[in-house]
Amino acid sequence: MTDTLFVLMEARDGAPTDSALALITEARRLCEDVAAVLVAPEIGTAAECAGAAGASTVHHVPADGRAADLIAAALTALVATHSPTAVLVPATTLGNEAAARVTARLGTGLLADVSAVTLADGVVTAVKSELGGTRLARCRVVDGVPVLTVRTGGLPPAGSDGGPAAVITAAAAAPARTTVVEYLPTGGEGVSLEDATIVVAGGRAMGGSEGFSVLHELAAALGPTAAVGSSRPAADAGWVPVELEIGISGKKVAPDLYLACGISGASQHLAGMSGSRTVVAINKDPQAPIFAVADFGVVGDLFEIVPAITAAVSARV
Amino acid sequence: MNIAVLVKQVPEDLGTVQVTEGRTLDRANARAVTDPVGKNALEAAVQLAEATGGTVTVITLGPAGAKAVLKECVSVGAQAGVHVSDGGLAGSDALTTARVLAAAIGRLGAIDLVIAGARSFDGGSAAVPAMVAELLDLPSVTAVTAIDSGDAPGALLCTRVLEDGHERVSLPLPSVISVDEYVNTPRYPSVKSKLAANKAVFEVLTAADLGIVPARHAAVIDITVPPVREPGVMITGDTVQDTADKLVAALAGAGVL
Ligand SMILES: Cc1cc2nc3c(=O)[nH]c(=O)nc-3n(C[C@H](O)[C@H](O)[C@@H](O)COP(=O)(O)OP(=O)(O)OC[C@H]3O[C@@H](n4cnc5c(N)ncnc54)[C@H](O)[C@@H]3O)c2cc1C
Ligand SMILES: Cc1cc2nc3c(=O)[nH]c(=O)nc-3n(C[C@H](O)[C@H](O)[C@H](O)COP(=O)(O)OP(=O)(O)OC[C@H]3O[C@@H](n4cnc5c(N)ncnc54)[C@H](O)[C@@H]3O)c2cc1C
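The following refers to the structure shown. (Residues numbered from 1 in each chain as written. Chains lettered and ligands numbered in written order. Predicted model: local features only at pLDDT ≥ 70, side-chain atom pairs only at ≥ 80, totals over all residues. Heavy atoms only, no water.)

Looking at the overall build of chain A
And then number 1: Summing up its helical and strand segments, chain A has 8 helices and 18 strands in all.
And then number 2: Taking 20 Å as the expected radius of gyration for a compact globule of 317 residues, we find that chain A reaches 20 Å, a close match to that expectation.
And then number 3: Counting only C-alpha atoms, chain A reaches 60 × 40 × 35 Å along its principal axes.
And then number 4: Burial status across chain A gives 57% buried among its 317 residues.
And then number 5: Sequence-distant contacts in chain A: of pairs separated by 6 or more residues, those separated by 24 or more amount to 63%.
And then number 6: Carbon and sulfur atoms make up 54% of the accessible area of chain A, which amounts to about 11,700 Å² in all.
And then number 7: Within chain A, one finds 19 positive and 31 negative side-chain charges whose respective centroids are separated by 7 Å. (Helix = DSSP H or I, 4+ residues; strand = E, 2+ residues; numbered from the N terminus. Rg over C-alpha atoms; globule rule 2.2 N^0.38 Å. Buried < 20%, exposed > 50% of the residue type's maximum accessible area, 1.4 Å probe, protein only. Contact = heavy atoms within 4.5 Å. Areas by Shrake-Rupley, 256 points an atom, 1.4 Å probe, with all protein chains shown as cover. Lys, Arg positive; Asp, Glu negative; His and termini not counted. Charge placed at Lys NZ, Arg CZ, Asp CG, Glu CD.)

Overview of the pattern of salt bridges
And then number 1: Scanning the entire structure with this criterion turns up 23 salt bridges over all chains.
And then number 2: One salt bridge connects aspartate 164 of chain B with arginine 12 of chain A, and the closest N-O pair in it is separated by 3.2 Å. With aspartate 164 of chain B in the loop between strand 10 (155-162) and strand 11 (165-172) and arginine 12 of chain A in strand 2 (residues 11-12), the pair connects residues from two separate chains.
And then number 3: Across the pair glutamate 167 of chain B and arginine 160 of chain B runs a salt bridge, and its minimum N-O distance is 3.6 Å.
And then number 4: Accessibility expressed as a relative area gives 1% for glutamate 167 of chain B, which makes it buried.
And then number 5: You can call arginine 160 of chain B buried: its relative accessible area is 2%.
And then number 6: Connected through shared salt-bridge partners, Arg66 and Glu97 of chain A together with Arg160 and Glu167 of chain B make up one network. (Salt bridge = Lys/Arg side-chain N within 4 Å of Asp/Glu carboxyl O.)

A few points about the side chain of threonine 149 of chain A
Residue and element names in this part refer to chain A.
And then number 1: Relative to the assigned elements, threonine 149 resides in strand 11 (residues 147-150).
And then number 2: Classification of threonine 149 as buried rests on a relative accessible area of 2%.
And then number 3: A polar side-chain atom of threonine 149 sits 2.7 Å from the main-chain amide nitrogen of aspartate 113.
And then number 4: Residues within four places of threonine 149 in sequence aside, it is in contact with Val89, Ala91, Gly95, Asn96, Ala99, Leu110, Leu111, Ala112, Asp113 and Val114. (Polar contact = N/O pair within 3.5 Å; in protein donor to acceptor, adjacent residues only side chain to side chain.)

Thoughts on the sheet that holds strand 10 (residues 135-141) of chain A
And then number 1: Spatially, 4 strands are ordered 8(A)-9(A)-10(A)-14(B) in an open sheet, and the strand pairing comes out antiparallel. Edge strands, defined here as strands with exactly one partner in the open sheet, are strand 8 (116-120) of chain A together with strand 14 (218-224) of chain B. Mean inter-strand twist for the sheet, computed between neighbouring axes without regard to direction, equals 25°.
And then number 2: Sheet topology places strand 8 of chain A next to strand 9 (residues 123-130) of chain A; 5 bridges connect them, and they run antiparallel. Pairing of valine 117 of chain A across the sheet is with alanine 126 of chain A, part of strand 9 of chain A. (Pairing = 2+ DSSP bridges. Axes fitted to C-alpha atoms, helices over the stretch in contact; angles between N-to-C directions.)

A few points about the site of ligand 2
And then number 1: Within the structure, ligand 2 sits among 27 residues, and Arg204, Ser231, Glu245, Ser264 and Asn283 of chain A are positioned closest to it.
And then number 2: At the site occupied by ligand 2, the surrounding residues belong to chains A and B.
And then number 3: Contact between ligand 2 and arginine 204 of chain A: an oxygen atom at 2.6 Å from a side-chain N or O atom of the residue.
And then number 4: In this structure, an oxygen atom belonging to ligand 2 sits 2.9 Å away from a main-chain N or O atom of arginine 232 of chain A.
And then number 5: Isolated, ligand 2 exposes 980 Å² of accessible area, and the fraction of that covered by the protein chains is 78%.
And then number 6: Contributions of two or more residues to the shell around ligand 2 are made by helix 6 (232-236), helix 7 (267-273) and helix 8 (302-316) of chain A.
And then number 7: Residues belonging to the shell around ligand 2 are distributed by class as follows: 10 nonpolar, 11 polar and 6 charged. (Near = heavy atom within 4 Å. Nonpolar A, V, L, I, M, F, W, Y, C, P; charged D, E, K, R; others polar.)

Things to note about helix 1 (residues 18-30) of chain A
And then number 1: Compared with an ideal rise of 1.5 Å per residue, which puts 13 residues at 18 Å, helix 1 of chain A spans 19 Å between its outermost C-alpha atoms and is within 8% of the ideal.
And then number 2: Looking at helix 1 of chain A, one finds that the buried residues are Ser19, Ala20, Leu21, Ala22, Leu23, Ile24, Glu26, Ala27 and Leu30 of chain A. (Expected span 1.5 Å × (residues − 1).)

Re the nonpolar core
And then number 1: Formed by 58 residues in total, the largest nonpolar core has its most connected members in Phe6 and Leu75 of chain A together with Leu6, Ile59, Met131 and Val132 of chain B.
And then number 2: Excluding residues within four positions of it along the chain, methionine 131 of chain B makes contact with Ala100, Thr103, Ala104 and Leu110 of chain A together with Ala94, Leu95 and Ala98 of chain B.
And then number 3: One finds Val240, Leu259 and Ala281 of chain A together with Leu247 of chain B within the second-largest nonpolar core, a separate group that totals 57 residues. (Core = buried A, V, L, I, M, F, W, Y, C linked by side-chain atoms within 4.5 Å.)

Looking at unusual backbone geometry
And then number 1: Here the bond from leucine 173 of chain B into proline 174 of chain B is cis, since omega is -5°, no more than 30 degrees from zero.
And then number 2: Although it is not a glycine, aspartate 13 of chain A adopts a positive phi angle of roughly 50°.
And then number 3: With respect to the helices, strands and loops of the structure, aspartate 13 of chain A is situated in the loop between strand 2 and strand 3 (15-16).
And then number 4: Overall, aspartate 13 of chain A belongs to the exposed group, its relative accessible area being 78%.
And then number 5: Of note in the backbone geometry, aspartate 121 of chain A takes a positive phi value of approximately 50° without being a glycine.
And then number 6: Mapped onto the elements of the fold, aspartate 121 of chain A is located in the loop between strand 8 and strand 9.

Some thoughts on helix 2 (residues 67-75) of chain B
All names here are of chain B.
And then number 1: Among all positions of helix 2, only Val69, Leu70, Cys73, Val74 and Ser75 are buried.
And then number 2: Turning to helix 2, the residues buried within the fold contact strand 2 (9-11), strand 5 (32-34), helix 1 (36-52), strand 6 (56-61), strand 7 (80-84) and helix 5 (191-198).
And then number 3: Positive phi appears at glycine 77, one or two residues downstream of helix 2, with a value of about 125°.

Points about the pairing of strand 5 (residues 57-61) of chain A
Residue and element names in this part refer to chain A.
And then number 1: The buried count for strand 5 comes to 5 of 5 residues, which makes it a mostly enclosed element.
And then number 2: Of the two faces of strand 5, the one carrying Thr57, His59 and Val61 and the one carrying Val58 and His60 are both buried.
And then number 3: Sheet topology places strand 4 (residues 34-39) next to strand 5; 5 bridges connect them, and they run parallel. In the sheet register, leucine 38 faces strand 5, and the bridge partner there is histidine 60.
And then number 4: Tracing the backbone out of strand 4, into helix 2 (residues 46-53) and back to the parallel element strand 5 gives a crossover that is right-handed.
And then number 5: The pairing of strand 5 with strand 12 (residues 166-169) spans 4 bridges and is parallel. Within strand 12, the residue paired with threonine 57 across the bridge is alanine 166. (Right-handed = clockwise from strand over helix to strand, strands pointing away.)

Geometric values such as these leave the question of function open.
Okay, structure coming up:
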């Protein structure tokens with residue numbers, strides 16, 4: 001039997017998400033044969049996007065793609081027919097919910113929130129950062145088709161050189177029991193935190209939502225792949241939307257560059273940013289724990305330093 | 001509204017958890033506390049029960065000490081607690097945990113709503129609530145930041161947090177929701193309610209009582225300590241702008257800009 005990896009392809013308004021496409025490309029790197037599973041009323045651009053990213057097939061299940069129980073029913077049926085080597089799901093809110101349901105339906109094992117996947121001799125192994133980033137664990141599923149939720153933040157962007165994937169349309173699924181009444185996108189255009197290659201994060205030191213404007217200006221100077229994030233207190237206080245919180249109870253990001261501005265470096269925050277390739281810490285306290293994990297540190301007042309960095313970045317182009 | 005709440009006990013400081021030869025976690029040196037997000041789940045349940053009438057029953061799976069979770073929850077508004085305690089369930093994976101919790105919920109009779117935390121402080125797989133929903137064949141909404149019960153009878157309007165924003169979802173009852181820390185601010189117990197909770201008696205169940213045969217689905221191959229990052233470079237300059245210029249030059253030199 002040849003290996004096949006299934007990837008759940010989340011989509012919004014007919015367009016697959018960047019994180020799903022990046023996961024398809026990662027799956028293609030591990031395995032010749034990648035099948036994307038799209039649960040959505042319409043196929044939209046999925047065949048072209050998934051194919052370009054590296055999928056050979058798209059299984060399209062016409063159903064409400066925002067209902068985790070329908071996604072789980074569709075995935076379970078496809079797994080039963082095609083017995084893939086594993087099912088990879090982006091570790092997003094909806095992906096986590098759907099993956100958990102699939103695992104329960106199949107009675108197999110879930111490898112949750114993994115940061116790296118390997119496939120050798122038909123066996124999938126996952127690496128996870130655990131206990132607030134203080135440990136690395138390698139795990140596998142004991143028997144049955146493994147289900148994995150994968151942090152997509154650290155993945156390289158999706159490939160773009162494959163031809164369109166073949167589409168196999170499944171029977172329409174039952175109506176959803178839950179109904180999305182309203183979708184409220186995060187204000188402002190630009191990349192999502194998970195997809196950003198540069199994250200400019202602010203903490204309690206920002207002092208309020210106005211304080212964050214220096215970070216937005218730096219992010220804008222750093223280009224379209226830079227996004228603003230925050231520590232818990234800043235999100236708790238409502239200075240930024242809650243979906244910008246990074247950490248153990250917030251987003252897990254793994255950008256090329258992470259700028260921590262006025263963030264002390266508590267373990268719960270580090271848990272969300274520990275996958276970052278290069279870390280810059282700006283803090284007025286030279287003893288701040290964040291300096292222990294930073295590649296570059298600057299001691300001083302961020303309200304002076306950050307605008308100066310913005311000026312230096314702008315001067316480069 | 002009759003509500004079941006799932007709350008687990010977690011180590012207060014994840015750094016103090018030891019990893020044993022047998023690749024399991026030794027929590028002996030780690031102070032155990034109630035999962036912070038579990039307190040939000042309990043608070044959400046108590047608020048809904050206060051608004052609509054009804055009861056709140058807390059269920060926890062864990063060793064003998066996990067009874068402290070039930071006491072704490074009763075001191076802040078739960079009426080009853082169920083403790084699933086069984087050495088054979090130690091170190092259970094998410095699916096086994098969910099099977100146990102679903103079976104325990106099943107014994108409670110007619111339940112309108114199950115509330116859990118979105119992501120536990122230690123395991124953090126963000127999987128158990130949706131697994132429980134699947135096992136009970138109920139709809140679910142996870143990562144809820146606001147609950148509105150005024151929408152229509154027999155339904156809730158939940159706001160959930162997504163990667164790219166928020167979604168408001170209408171959810172029929174009975175169902176399962178998981179809440180995150182932003183949903184509310186948990187109340188504190190009073191001295192009186194603490195004393196009363198100390199006298200509370202909880203039902204204690206084993207896996208056999210629930211008809212569950214402990215099974216392992218996921219296995220750990222090894223656990224290591226991640227490589228420590230090399231100490232970084234501190235950047236200083238004559239002026240703030242000079243420092244910033246040096247930093248940007250260093251980042252460009254490192255190939256990240
Ligand atoms: C570091 C670490 C990594 C792990 N990785 C995996 C993995 O990849 N796959 C896997 O299958 N298992 C894994 N486990 C085991 C698993 O996390 C727990 O043991 C499992 O019992 C509950 O999962 P969770 O804590 O991740 O729950 P989550 O799904 O994150 O918890 C969400 C909510 O579910 C409820 N809940 C969860 N557990 C209980 C409980 N015991 N009693 C009452 N309510 C509860 C609570 O409301 C909680 O807030 C891991 C454990 C650890 C410590
Ligand atoms: C269960 C639980 C879960 C948690 N989850 C998370 C999580 O997911 N994410 C998270 O971030 N936290 C989380 N926390 C909170 C965490 O423990 C810390 O409290 C939090 O990360 C601290 O945020 P901070 O660094 O912004 O603030 P502080 O710790 O207050 O640090 C502020 C820093 O800014 C510096 N500073 C002040 N003014 C200036 C200035 N003008 N210029 C430069 N530097 C300045 C100070 O020196 C200080 O180091 C959690 C806590 C618990 C208990």
